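# Inside the fold
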Amino acid sequence: MELIIRSFNLKLKHTFSISRQSYNVQPTLIVELKEGGFSGFGEATANPYYNMTVEKMKDDLTSLKSIIETANLTTPEEFWKHMHPHLKHNMFALCALDQAYNDWYAKQKGKKLYELWGYDISNNPLTNYTIGIDSIEKMVSKMNELPWPIYKIKLGTKDDIKIVTELRKHTHAIFRIDANGGWSIDETIKNAKTLRELGVEFLEQPLKADDWDGHKEVYQKSVLPIIADESCQVEADVAKCYNYFHGINVKLVKCGGLTPARRMLVHAKELHMKTMVGCMTESSVGISAIAHLLPLLDYVDMDGVLLIENDIATGITLNYGVAQYSDLNGTGVALI
């Protein structure tokens, strides 16, 4: 098997702001695994919150090139188990590698990935479209630019209720709120009451990731469901979040790819928690991988391809919240 590593800068259509940062360009790493006439593709984006750069991912994967290229070509689960000890310090790089292997494996089996997994795609959830923090006028403009059935609103400002109240005047869409750890306990409990009346479906990560006493109080007192994001990163965190959150938002880059994400989602369902997968402003490579998990999900945030202006691949397409799969096997991806 041949390992090929590429990097790109994805340009955003608008400056994207959350409670802790703003950016206009998203650096990303693409892994290609090539063997037997088939190529598999995977992606992981850089992220300053997790101290992850494209260079760090490149270096770690390059240092493992011989191990990767001489690995026994067994199932994706066995491949992940083989590579995890080498990349447990860099789940982002492991994610890109795991996605690529899953894509390659399904392609050489002649199946789409969801088919290989035996999933029924007839009841897939709709994806939301994210509106980053901005002036109210610009947030309204972004909604008008792309009418959508579900909007995820990034908050964590002093005017959060004012923002949602104004946005509600311009759409009947479902709202989801993501404060990215920008609220206090009292703010969350109080805001939840008002936001429920404004058509909000749930609150995502209102408190800082490590505030477990706060999570418990909010879980018990909030009138809206609370979904863990920054508090749920790897497989062991699912059990940790039980009875502290109503559901979990799994990010492939944080847990190490599709393989552990599937286990996390199954575990959450066993605990009767809501399941969600989110994106990190990836191209069609990473977003198409997420699409194959849809049958396991209650909610999904896979709008990365809608936020960028220079997609580097073809794959799934999104039409008013609906993910439409590519005709290609595997994850359905081809680089442009």
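Figured I'd write up the structure that's included with this text. Here the structure is a predicted model, which means the values were calculated and not measured.

### Observations concerning the state of the cysteines
Using the criterion set out here, one finds 0 disulfides in the structure. Left without a disulfide partner, Cys95 is nearest to the cysteine sulfur of Cys255, which lies 6.9 Å away. Given the relative accessible area of 0%, Cys95 is considered buried.

### Side note on the side chain of Gln26
As for its placement among the helices and strands, Gln26 is situated in strand S2 (residues 22-35). Polar side-chain contacts of Gln26 include one of 2.9 Å to the backbone oxygen of Ala46. With residues up to four places along the chain from it excluded, the contact list for Gln26 reads Phe8, Asn9, Leu10, Leu12, Thr45, Ala46, Met280 and Thr281.

### Remarks on the nonpolar core
Ranked by internal contacts, the top residues of the largest apolar core, which has 112 residues, are Leu97 and Met302. If you tally residues by element for this core, the top one is helix H4 (residues 91-108), at 12 residues. Those residues in contact with Leu97, other than ones at most four positions away along the chain, are Leu3, Val31, Leu33, Leu61, Ile68, Phe79, Met83 and Leu87.

The rules behind each value
- Residues numbered from 1 in each chain as written.
- Predicted model: local features only at pLDDT ≥ 70, side-chain atom pairs only at ≥ 80, totals over all residues.
- Heavy atoms only, no water.
- Disulfide = S-S within 2.5 Å.
- Buried < 20%, exposed > 50% of the residue type's maximum accessible area, 1.4 Å probe, protein only.
- Helix = DSSP H or I, 4+ residues; strand = E, 2+ residues; numbered from the N terminus.
- Polar contact = N/O pair within 3.5 Å; in protein donor to acceptor, adjacent residues only side chain to side chain.
- Contact = heavy atoms within 4.5 Å.
- Core = buried A, V, L, I, M, F, W, Y, C linked by side-chain atoms within 4.5 Å.

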